Amino acid sequence: MLRVPGGLCLNILVCGGAGYIGAHMVKRLLQEGHEVVVLDNLSTGHREAVGDASLVVADLLDAEKVERTLRTTAFDAVLHFAAMSIVADSMRDPYAYHQNNVVGTLNLLRAMRTVRVDKLIFSSTAAVYGMPRQHVLDEQHPVEPINPYGATKLAVERLLEDASRAYGLSSVSLRYFNAAGADQEGELGESHQPETHLIPNILRSALGMDPALRIFGSDYPTPDGTCVRDYIHVDDLVDGHACALRYLDRNAGVFRFNLGSGEGYSVAQVLEAARRVTGRPISVEVEARRAGDPATLVASRELAGRELGWEPRKSDLDSILSSAWRWHCKPRY
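Residues numbered from 1 in each chain as written. Predicted model: local features only at pLDDT ≥ 70, side-chain atom pairs only at ≥ 80, totals over all residues. Heavy atoms only, no water.

Let us now look at the pairing of strand β4 (residues 77–80). Taking every second residue as pointing to the same face, both faces of β4 are buried, with Ala 77 and Leu 79 on one and Val 78 and His 80 on the other. Examined bridge by bridge, strand β1 (residues 11–15) and β4 share four bridges and lie parallel to one another. Along β4, the bridge assignment pairs Leu 13 with Val 78. For β4 and strand β5 (residues 119–125), the ladder comprises three bridges, and the chain directions are parallel. Within β5, the residue paired with His 80 across the bridge is Phe 122. (Buried < 20%, exposed > 50% of the residue type's maximum accessible area, 1.4 Å probe, protein only. Helix = DSSP H or I, 4+ residues; strand = E, 2+ residues; numbered from the N terminus. Pairing = 2+ DSSP bridges.)

The next thing to look at is the sheet that holds strand β13 (residues 265–266). Pairing within the open sheet is mixed, and its four strands lie in the order β6-β15-β10-β13. Edge positions in the sheet fall to β6 (136–137) and β13, since each has one partner strand and no second. When strand β10 (residues 228–229) meets β13, the two strands line up antiparallel, connected through two bridges. Of the residues in β13, the one forming a bridge with Arg 229 is Tyr 265.

Moving on, we come to the packing of helix α2 (residues 63–71) against helix α4 (residues 94–115). Packing of α2 against α4 brings their axes to within 9 Å, and their N-to-C directions diverge by 40°. When the axes of α2 and α4 are compared, the pair comes out oblique. The hand of the α2/α4 crossing is right-handed. Listed contacts from α4 to Ala 63, Val 66, Glu 67, Leu 70 and Arg 71 of α2 are Asn 107, Leu 108, Ala 111, Met 112, Thr 114 and Val 115. Taken together, the residues of the contact of α2 with α4 break down into seven nonpolar, two polar and two charged. (Axes fitted to C-alpha atoms, helices over the stretch in contact; angles between N-to-C directions. Parallel < 35°, antiparallel > 145°, perpendicular 65-115°, else oblique. Left-handed = near helix turned anticlockwise from the far one by under 90°. Contact = heavy atoms within 4.5 Å. Nonpolar A, V, L, I, M, F, W, Y, C, P; charged D, E, K, R; others polar.)

A few words now on the pattern of salt bridges. Enumeration over the complete set of coordinates arrives at 21 salt bridges. Residue Glu 307 pairs with Arg 306 through a salt bridge whose shortest N-O separation is 3.8 Å. Take Arg 306: its relative accessible area is 52%, and that puts it in the exposed class. Look at the salt bridges and you will find they share partners, linking Lys 27, Asp 183, Glu 185 and Glu 187 into a network. (Salt bridge = Lys/Arg side-chain N within 4 Å of Asp/Glu carboxyl O.)

Now for the nonpolar core. Core analysis: the largest hydrophobic core is formed by 36 residues, its most contacted members being Val 172 and Leu 174. Sorting the residues of this core by element identifies β1, α1 (20–31), β2 (35–40), β4, β7 (170–176), α7 (234–250), β12 (254–259) and α9 (302–308) as the ones contributing at least two each. Examining the composition of this core, we find that eight residues originate from one element, α7, more than from any other. Counting residues in each nonpolar core, the second largest holds 24 residues, with Leu 213, Ala 273, Ala 274 and Ala 324 among its members. (Core = buried A, V, L, I, M, F, W, Y, C linked by side-chain atoms within 4.5 Å.)

This part is about unusual backbone geometry. We note that Leu 42 has phi near 60°; this positive angle belongs to a residue other than glycine. The class for Leu 42 is partly exposed, based on a relative accessible area of 22%.

When you line up the elements, Val 50 lands in the loop between β2 and β3 (54–57). Given the relative accessible area of 5%, Val 50 is considered buried. Beyond its immediate chain neighbours, meaning those up to four positions away, Val 50 contacts Gly 17, Ala 18, Val 26, Leu 30, Val 38 and Leu 55.

With that settled, consider α4. Over its 22 residues, α4 extends 31 Å from the first C-alpha to the last, a length consistent with the 32 Å expected when each residue adds 1.5 Å. Buried residues of α4: Tyr 97, Asn 100, Asn 101, Val 102, Gly 104, Thr 105, Asn 107, Leu 108, Leu 109, Ala 111 and Met 112, and no others. Tucked inside the fold, the buried residues of α4 contact β1, α2, β4, α3 (87–92), β5 and α5 (148–167). Remark: Arg 116 follows α4 within two positions and exhibits a positive phi of approximately 65°. (Expected span 1.5 Å × (residues − 1).)

Assignment of secondary structure puts Ser 315 in the loop between α9 and α10 (317–329). Ser 315 gets classed as buried once you look at its relative accessible area, which sits at 8%. Polar contacts involving the side chain of Ser 315 include one to the main-chain amide nitrogen of His 233, which spans 2.8 Å. At a separation of 2.6 Å, a polar atom in the side chain of Ser 315 contacts the side chain of Asp 236. (Polar contact = N/O pair within 3.5 Å; in protein donor to acceptor, adjacent residues only side chain to side chain.)

A few words on the packing of aromatic side chains. All told, the structure shown has two aromatic pairs when counted by the stated rule. Relative to Phe 255, the ring of Tyr 247 lies with its centre 5.0 Å away and its plane at 90°, an arrangement referred to as edge-to-face. Relative accessible area serves as the criterion here: at 6%, Tyr 247 is assigned to the buried category. With a centroid separation of 5.6 Å and 85° between ring planes, the pair formed by Tyr 247 and Phe 257 is classed as edge-to-face. In this pair, Tyr 247 sits in helix α7 while Phe 257 sits in strand β12, placing the two residues ten residues apart along the sequence. Put simply, the rings of Tyr 247, Phe 255 and Phe 257 pair up and form one aromatic cluster. Taking NZ or CZ as reference, Arg 289 lies 4.1 Å from the ring centre of Tyr 220, over its face. (Phe/Tyr/Trp six-rings, centres within 6.5 Å; stacked < 30°, edge-to-face > 60°. Lys NZ or Arg CZ within 6 Å of the ring centre and 35° of its normal.)

If you want it as structure tokens, here you go:
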């Protein structure tokens, strides 16, 4: 249960709570009886996904509205999911990514300081690591992002360090690997326009919504030549945020944790599993490698397990694909 000592419920502001991962978090918070306000500009999120939470349609770049929202309630903590997150787009328009992801977060942090909210959970990314120097990445791996998206997330992590020293803000940055899957009730799933993630694109191809699946590179130094990635079920990510909130109730400071399954699956393995789960043929077109794609990205989850008491429970490949397939077969938005 996501409750503070004594069984009290929390007032939580969820920035980006209409998006894929944020909406799953909002659903969990509401189920636990917490009071939730969602702040989202709905540029990529979905109004229908916030359920019964209060929704403020606003952009983090609107500093005045962000502060007004924070003044509406005595918030106990902020969960920050709001970001532009497509790597290729960040390469084409880095200014937009720095403006949105860094300046928007700075506006949020300033408003939090003004109204004296001192706990933040931040959605970071494995992209802060850049090209891996080892097969399994732990939190001590050098942070050398190779694209503007990863650079903006690292900039925010460093900003949180400064905020801790100067203003006493406590934060947890959660470095996601590849979020995937859908909630067990089939109410929430992954829906982006355009869709750039492997698993939803595989399932869209299985449904005939898209043409042949494009695979970028079949000559990597991996067992079958395709990239290997660590896929983490969205429900397990939500559990990680719940653990992080409890952790900040007991610990002050700035903290970073990987959230990954600790297992790697190649593109070819995911494709074969999807054919089995869906029972449908999925055609493939192999294209050249994309610049900057490492051969392997797999998380060490040891630190999150030891410090947060977090353990992924639904991140085997069949569970991820089965839950996503149910949602894709009857999407709600």
